[in-house]
Amino acid sequence: MACSPKLCRPANSGTNNLTTILFHSIHGENVRLSADSTVAQRNGDYCQAYVFAERPLRLGQKLVIQVLQTDDRYKGSLAFGLTTCDPSTINSNDLPEDSHQLLDRSEYWVVIKDVANGPQAGDEMAFKMTESGEVHMTHNREPVQTLMHVDSTQRMWPFFDLYGNTNKVKVLEPLNATENKCIICCEQPINSVLYMCGHVCMCHECAVKQWLGSGECPICRATILEVIPLKAMGNECNVCYKQPINSILFRCRHACMCYSCAAKQWRGPGWGQCPKCRAGIQDVIRIFLNEE
């Protein structure tokens, strides 16, 4: 008699300090994504179960894959790899049945199968690429092992092949994983705010391209109404001197107050003026750094 799938149990307390990463819309034909693109599940044959992260892996960024469901009718684990190939340029029908055949493509691909032997629901595997090109892996916070070596000067998209007993996963990163680098080009500093969702996650050039392209925030998929250059911001609210700065004034673009003080300044005794330049405040935007 076949075993029924095992569902995830919250076995690892570190999950509370993680935030979900979106999967790319391009994936293998035997995988389906949740409506919010945060969970991937194999739903067909044993093969063609590829999923890609929506953006490249930054140097020093920790990428955590959490196993949500397994099926003991199958043996083996899952595959992990990195590629210089932008997933948006891939025809999903061209992805091979065996992930080792990806090495025959013209782009740079590296892949290792069975990165964790027989993972169970609730298991976590963490991956990190160093400046020297070493890719480290830990399984449930066991000792670090070097998984592979890559060219760290290249933009690398991480991907997984859900074969073996692993059939449902999500990918996360630590809340403090930000390096203040644009999540698109991974090179320029973050210096723009998306209006109206308030996410601060891209350099101005990439934000404008995103606005004129898909028109959606890469973090929350909200429609971008405008890209606002972010003037230099400190760490502490200039009014209460207690809360961190987490708002921007529209339209002068100054980021100098916590959201609570900015809202009071807009509607209260501040007469709706920016305390730095005295420009009229038209709106207060709660900003979210890319790690929130």
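Since we're looking at a predicted model, the values are computed, not measured.

A. Quick peek at the overall build of the protein chain. The number of helices and strands found in the protein chain is 2 helices and 20 strands. Principal-axis analysis of the C-alpha atoms gives the protein chain an extent of 70 × 40 × 35 Å. Counting over 292 residues, the protein chain shows a buried share of 50%. Contacts spanning at least 24 positions in sequence make up 62% of the contacts within the protein chain whose residues lie at least 6 apart. As displayed, the protein chain offers around 14,100 Å² of accessible surface, 47% of which is attributable to carbon and sulfur atoms. Of note, the protein chain has its 28 positive side-chain charges centred 10 Å away from the centre of its 30 negative side-chain charges.

B. Spatial organisation of helix H1 (residues 204-212). Buried within H1 are the following residues: Cys206, Ala207 and Gln210. Buried positions in H1, seen along its axis, are confined to an arc of 100° and lie on one side of it. Exposed residues on H1 whose side chains face more than 90 degrees from its buried face are Glu205, Lys209 and Leu212.

C. Broad picture of the side chain of Thr166. With respect to the helices, strands and loops of the structure, Thr166 is situated in strand S14 (residues 166-174). Here the side chain of Thr166 touches Asn165 through a polar contact of 3.4 Å, side chain to side chain. Contacts of Thr166, omitting those with residues within four sequence positions, involve Arg42, Val67, Gln69, Ser77, Leu78 and Pro119.

D. Structural detail: the packing of aromatic side chains. Scanning all chains against the criterion turns up 7 aromatic pairs. Seen in terms of ring centroids, Phe52 and Phe159 are 5.7 Å apart; in terms of plane orientation they differ by 40°. Their pairing is tilted. With a gap of 107 residues between them, Phe52 in strand S6 (residues 50-53) and Phe159 in strand S13 (residues 157-161) connect regions that are remote in the sequence. Overall, the relative accessible area of 1% leaves Phe52 in the buried class.

E. Highlighting the UniProt feature "domain: NHR" (unreviewed entry) in the protein chain. With numbering matched to this structure, UniProt assigns "domain: NHR" (unreviewed entry) to residues 20-174. End C-alpha atoms of residues 20-174 are separated by 9 Å, and the span's content is 0% helix alongside 43% strand.

F. Fine view of the pairing of strand S7 (residues 62-70). Most of S7 is tucked away, with 8 of its 9 residues classed as buried. The pairing of S7 with strand S10 (residues 124-129) spans 5 bridges and is classified as antiparallel. Of the residues in S10, the one forming a bridge with Ile65 is Met125. Pairing of S7 with S14, which is carried by 6 bridges, proceeds in the antiparallel orientation.

G. Just the pattern of salt bridges, in detail. This structure, assessed with the given rule, holds 7 salt bridges. Where Arg73 meets Asp71, a salt bridge forms, and the shortest distance between an N and an O atom there is 2.4 Å. For the salt bridge of Lys209 with Glu205, the shortest nitrogen-to-oxygen distance reads 3.5 Å. Taken together, the positions of Lys209 and Glu205, both in helix H1 and 4 residues apart, correspond to about one turn of that helix. A single burial state applies to Lys209 and to Glu205, both of which are exposed. A network of salt bridges, in which partner residues are shared, links Arg55, Arg58 and Glu173.

H. The arrangement of the environment of Ser132 in detail. Looking at the secondary structure, you find Ser132 in the loop between S10 and strand S11 (134-139). Assessed through its relative accessible area of 56%, Ser132 is described here as exposed. What Ser132 contacts, discounting residues up to four positions off in sequence, is Val150 and Ser152. Of note is the side chain of Ser132, whose polar atom sits 3.0 Å from the side chain of Thr130.

I. Representation of the environment of Ala262 in the model. As for its placement among the helices and strands, Ala262 is situated in helix H2 (residues 259-267). Residue classification places Ala262 among the buried residues on the basis of a relative accessible area of 0%. Residues Ala262 and Pro275 lie 13 residues apart in sequence; the distance between their C-alpha atoms is 9.6 Å. Excluding residues that lie within four positions of it along the chain, Ala262 makes contacts with Ser247, Leu249, Met257 and Val284.

Procedures and definitions
Residues numbered from 1 in each chain as written. Predicted model: local features only at pLDDT ≥ 70, side-chain atom pairs only at ≥ 80, totals over all residues. Heavy atoms only, no water. Helix = DSSP H or I, 4+ residues; strand = E, 2+ residues; numbered from the N terminus. Buried < 20%, exposed > 50% of the residue type's maximum accessible area, 1.4 Å probe, protein only. Contact = heavy atoms within 4.5 Å. Areas by Shrake-Rupley, 256 points an atom, 1.4 Å probe, with all protein chains shown as cover. Lys, Arg positive; Asp, Glu negative; His and termini not counted. Charge placed at Lys NZ, Arg CZ, Asp CG, Glu CD. Arc of directions from axis to C-beta. Polar contact = N/O pair within 3.5 Å; in protein donor to acceptor, adjacent residues only side chain to side chain. Phe/Tyr/Trp six-rings, centres within 6.5 Å; stacked < 30°, edge-to-face > 60°. UniProt positions renumbered as here; feature names shortened; annotations may be inferred. Pairing = 2+ DSSP bridges. Salt bridge = Lys/Arg side-chain N within 4 Å of Asp/Glu carboxyl O.

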